[in-house]
Amino acid sequence: MTQPLLIPVLGDQLSHGLASLAGSDRNDSVVLMMEVRGEATHIKHHKAKIALIFSAMRHFAAELAASGWTVDYVALDDPDNSGSFAGELARAVKRHQPRAIRVTEPSEWRVRQDVAQLAAALSLPVEVLEDMRFLCSHGEFADWAEGRREWRMEFFYREMRRKTGLLMEGNQPEGGRWNFDTENRSGPPAGLRGPALPRFAHDEITTAVLALVEGKFADHFGALGAFNWPVSASEAETAAEAFLNERLPTFGQWQDAMVTGEDFMFHAVLSPAINLGLLDPLDLCRRAEAEYRKGNAPLAAVEGFIRQIIGWREYIRGVYWQTMPGLAAANALGATRPLPDFYWTGETEMACLADCVRITRENAYAHHIQRLMVLGNFALLAGIDPAEVADWFLVVYADAFDWVELPNVAGMALFADGGRLASKPYAASGAYINRMSNYCSGCRYDVKQKTGPQACPFNALYWHFLDRNVDKFGTSRRLANPYATWRRMDGDKRGEYLASADAFLETLVPAKPGWARSGS
Ligand code: FAD
Ligand code: DLZ
Ligand code: SF4
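The notes below deal with the structure included here.

Parameters at a glance
Residues numbered from 1 in each chain as written. Chains lettered and ligands numbered in written order. Predicted model: local features only at pLDDT ≥ 70, side-chain atom pairs only at ≥ 80, totals over all residues. Heavy atoms only, no water. Helix = DSSP H or I, 4+ residues; strand = E, 2+ residues; numbered from the N terminus. Rg over C-alpha atoms; globule rule 2.2 N^0.38 Å. Buried < 20%, exposed > 50% of the residue type's maximum accessible area, 1.4 Å probe, protein only. Contact = heavy atoms within 4.5 Å. Near = heavy atom within 4 Å. Polar contact = N/O pair within 3.5 Å; in protein donor to acceptor, adjacent residues only side chain to side chain. Areas by Shrake-Rupley, 256 points an atom, 1.4 Å probe, with all protein chains shown as cover. Nonpolar A, V, L, I, M, F, W, Y, C, P; charged D, E, K, R; others polar. Core = buried A, V, L, I, M, F, W, Y, C linked by side-chain atoms within 4.5 Å. Pairing = 2+ DSSP bridges. Axes fitted to C-alpha atoms, helices over the stretch in contact; angles between N-to-C directions. Expected span 1.5 Å × (residues − 1). Phe/Tyr/Trp six-rings, centres within 6.5 Å; stacked < 30°, edge-to-face > 60°. Salt bridge = Lys/Arg side-chain N within 4 Å of Asp/Glu carboxyl O. Parallel < 35°, antiparallel > 145°, perpendicular 65-115°, else oblique. Left-handed = near helix turned anticlockwise from the far one by under 90°.

Counting its secondary structure elements, the protein contains 22 helices and 7 strands. Radius of gyration (C-alpha) of the protein: 24 Å, near the 24 Å computed for a compact globule of 520 residues. Overall, the protein is about 80 × 55 × 50 Å in size when its C-alpha atoms are taken along their principal axes. Residues classed as buried in the protein amount to 59% of the 520 residues present. Within the protein, contacts between residues separated by at least 24 positions form 76% of all contacts whose residues are at least 6 apart in sequence.

Below you can see the structure in the form of structure tokens.
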């Protein structure tokens, strides 16, 4: 092949229909895939996440080669591997002498900037194609957002319903309402258990990658013993089928429930496969709708699931590109407390947090409410520095890529964006966690006690949060009730709450440096 087209395919671009592949001639192109140390260590990703990405990349490369593409695959332990995208691209240009480079836009702002710099530095044409795996283009989102004071997901979601025709009857939403959440989100009855997830045996590729990761990234957070992620499109398809058949009908009802030892409940557990490109999100939604049309799943569950994907997922991506790079430094509530050590060690007497960290360490997964209302809520109430919280979330979850992690953390969980994304902070006392979980019955703290050393720390922290942020939220309509309660309380009671929260905050031990970033 003389002067081929060089097509770099990144670790979260593992889709056969990727724009840069779909429009290219496989007889006249070289696909470049690069395992690079810099991507695994600029932030020290969970071991299982690195293993998932490398294994999925290797499976995808094998599929491409089997379908006639020429694939140049640089493995992590290739002795000449330079350790960075830029270094590997430069080496590949020397090897192949391409006439041009064609790449689908990277999902992350940081990598997108690198590509722009590279394009300027190389004396080669570099074509960057829009990522067509998302429903809403950058331009469309910018048009929708322009001139709106508040970007509310609910209104964006309606546009996506109209655009896709999902759950529509002509111009009207199926069932007469856009959102059926009033029928979802029950607390867990005693003994609630979700069906087991399908098991994925480790083939030769995955076995080799697990050994590589254990050897090269030994000091990273997380365990590999429970590794069970789908690593190819066909395994991801098995996972999707299992969800649609076994868990979708009850997805909505138990969407917010948390039960000790039940790590996946009725959730899809598909976000890593979707974010890597192994599953097509729109196809999943169409199949979920078909389950409703066949009478296999109720409208509330199916609408709730579809909203997560064409609503939240697309909206989050739009917000990311509209607000970067500022979002990464946003800290509207001026939170500066260091991340507590227990986010890494799990060593805390708070049973809810201990279980959420355990799940995260074992699986590189926790479900939405564990992320938002336990791990995120605690960080919000305790006033943890948003940059440290964002680093933690980016490290620990197999589905965490900057474009989706950062808006969820800075915007949804921490209100660090000043309310662009959420109309009010997701702040809650222990009563919420007690209602939605069985954690409190096994906790050394008492969720019913409000102050003092036995009281659930979330209770006093909740009022501490409202009190110290009264200038930001004191006149908010959405928080009028809790502020009215706070103002009605007598001064001694308020003082007790604040002193109790302060005493608890004093006990927090900051994380040792080096968990998220080397040398930090
Ligand atoms: P389900 O609950 O079964 O939902 C189905 C699908 O909807 C998910 O697979 C996902 O693709 C999509 N989805 C649902 N909610 C969101 C959302 N808020 N943003 C984007 N997609 C959504 N999701 C990530 O993919 N990566 C992250 O790094 C990430 N970080 C988060 C951090 C915080 C603080 C919070 C509150 C949420 C975060 N989420 C993130 C969103 C959500 O928690 C996960 O997508 C979900 O838990 C993945 O598990 P699941 O596949 O079982 O999802
Ligand atoms: C997260 C990650 C890791 C750990 N390793 C690689 C890698 O070796 N090669 C690769 O192409 N991508 C990797 N990624 C994903 C990237 O860090 C980044 O998130 C994507 O390129 C999107 O911009
Ligand atoms: Fe968490 Fe408080 Fe319940 Fe303990 S009592 S599990 S700290 S909410």
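Gly11, Met34, Val36, Glu39 and Glu108 are the nearest of the 19 residues found near ligand 2. Taking Gly11, its main chain carries an N or O atom lying 2.8 Å from an oxygen atom of ligand 2. In this structure, an oxygen atom belonging to ligand 2 sits 2.9 Å away from a main-chain N or O atom of Val36. If ligand 2 stood free it would expose 490 Å²; the protein chains cover 100% of that surface. Secondary-structure elements contributing two or more residues to the shell around ligand 2 are α2 (37-41), α3 (47-66) and α5 (109-121). Among the residues forming the shell around ligand 2, the class breakdown is 11 nonpolar, 3 polar and 5 charged.

If you check the shell around ligand 1, you find 29 residues, and the closest are Ala268, Val269, Asn275, Tyr365 and Asn408. Between ligand 1 and Leu270, the relevant distance is 3.0 Å, taken from an oxygen atom to a main-chain nitrogen or oxygen of the residue. The separation between a nitrogen atom of ligand 1 and a polar side-chain atom of Arg371 is 3.5 Å. Taking 800 Å² as the accessible area of ligand 1 by itself, protein coverage stands at 99%. At the level of secondary structure, the elements contributing two or more residues to the shell around ligand 1 comprise α10 (271-276), α12 (299-323), α15 (368-382) and α17 (402-413).

The biggest cluster of nonpolar side chains holds 162 residues, and the ones touching the most others in it are Tyr315, Leu353 and Phe378. If we skip the residues at most four places from it in the chain, Tyr315 touches Phe141, Trp144, Trp151, Arg152, Met153, Phe156, Arg420 and Leu421. Membership of the second largest hydrophobic core comes to 15 residues, among which are Val30, Leu32, Met34 and Val36.

Next up on the list: the sheet that holds strand β2 (residues 29-34). With respect to topology, 5 strands assemble into an open sheet ordered β3-β2-β1-β4-β5, the strand pairing being parallel. Sheet topology places β3 (70-74) and β5 (126-129) at the edges, where each strand pairs with a single neighbour. Neighbouring strand axes in the sheet, compared pairwise and without regard to direction, differ in orientation by 25° on average. Contacting β1 (5-8), β2, β3 and β4 (100-104), helix α4 (residues 85-96) crosses the sheet at an angle of about 150° to β2.

In this model, helix α9 (residues 233-251) (19 residues) spans only 23 Å end to end at C-alpha, well below the 27 Å of a helix rising 1.5 Å per residue. Within the sequence span of α9, burial applies to Glu235, Ala236, Ala239, Ala240, Ala242, Phe243, Leu244, Arg247, Leu248 and Phe251. Along its buried surface, α9 packs onto α10, α11 (281-293) and α12.

The residue after Met324, namely Pro325, is reached through a cis peptide bond having omega 5°. Mapping Pro325 onto the fold places it in the loop between α12 and α13 (342-345). In this structure, Val269 takes a positive phi of about 55° despite not being glycine. Note on placement: Val269 falls in the loop between α9 and α10. Note on Val269: relative accessible area 10%, which makes it buried.

Take the packing of aromatic side chains next. How two aromatic rings sit relative to each other is set out by the distance from centre to centre and by the angle between their planes. Counting across every chain of the model gives 34 aromatic pairs. Ring centres of Phe156 and Tyr315 lie 5.9 Å apart, and the angle between their planes is 50°; on these two criteria the pair is classed as tilted. Within this pair, whereas Phe156 is found in helix α7 (residues 153-164), its partner Tyr315 is found in helix α12, the two being separated by 159 residues in sequence. Through pairs of rings, three or more aromatic residues link up here, namely Phe221, Phe342, Tyr343, Trp344, Phe378, Trp392, Phe393, Tyr397, Phe458, Phe504 and Trp515.

Since the α-helix turns once every 3.6 residues, residues separated by three or four places project in the same direction. Along its 13 residues, α11 runs 19 Å from first to last C-alpha, staying within 8% of the 18 Å computed at 1.5 Å per residue. Within α11, the full set of buried residues consists of Pro281, Leu284, Cys285, Arg287, Ala288, Glu289, Glu291 and Tyr292. Buried positions along α11 lie against α9, α10 and α12. With a side-chain oxygen lying 3.1 Å from the backbone nitrogen of Leu282, the N-terminal cap of α11 falls on Asp280. Looking one or two residues past α11, Gly295 carries a phi angle of roughly 85°, positive in sign.

The next subject is the environment of Glu63. In this fold, Glu63 is placed in helix α3. By relative accessible area, which is 27% here, Glu63 ends up partly exposed. Spatially, the C-alpha atoms of Glu63 and Gly419 are 44 Å apart, while their sequence positions differ by 356 residues. With residues near it in sequence (within four places) discarded, Glu63 still touches His16, Ser232 and Ala233.

Let's shift gears to the pattern of salt bridges. Evaluation of the coordinates by the stated rule reveals 32 salt bridges. Here Glu150 and Arg152 are joined by a salt bridge, their closest N and O atoms 3.1 Å apart. The partner of Arg307 in a salt bridge is Asp181, with the nearest N and O atoms 3.1 Å apart. Of this pair, Arg307 sits in helix α12 while Asp181 sits in the loop between β7 (172-173) and α8 (204-216); the two residues are 126 residues apart in sequence, bridging distant segments of the chain. Taken together, the shared-partner salt bridges connect Glu237, Glu241, Asp283 and Arg287 into one network.

For the rest of this paragraph, the subject is the packing of helix α14 (residues 351-363) against α15. It is at 10 Å that the axes of α14 and α15 come closest, and there the two elements cross at 120°. If you check the angle between α14 and α15, you find them oblique. The element α14 and its partner α15 pack so that their crossing is left-handed. For the pair α14 and α15, contact is made by Cys352, Leu353, Cys356, Val357, Ile359 and Thr360 and by Gln370, Val374, Leu375 and Phe378, respectively.

Neither face of β1 is left uncovered, since the one carrying Leu5 and Ile7 and the one carrying Leu6 and Pro8 both have all their residues buried. Where β1 and β2 come together, 4 bridges link them in parallel fashion. Bridge pairing in β2 links Pro8 to Leu32. Note: β1 against β4, 2 bridges, orientation parallel. Across the sheet, Leu6 pairs through a bridge with Ile101, a residue of β4.

Any link to function would need more than the numbers given here.
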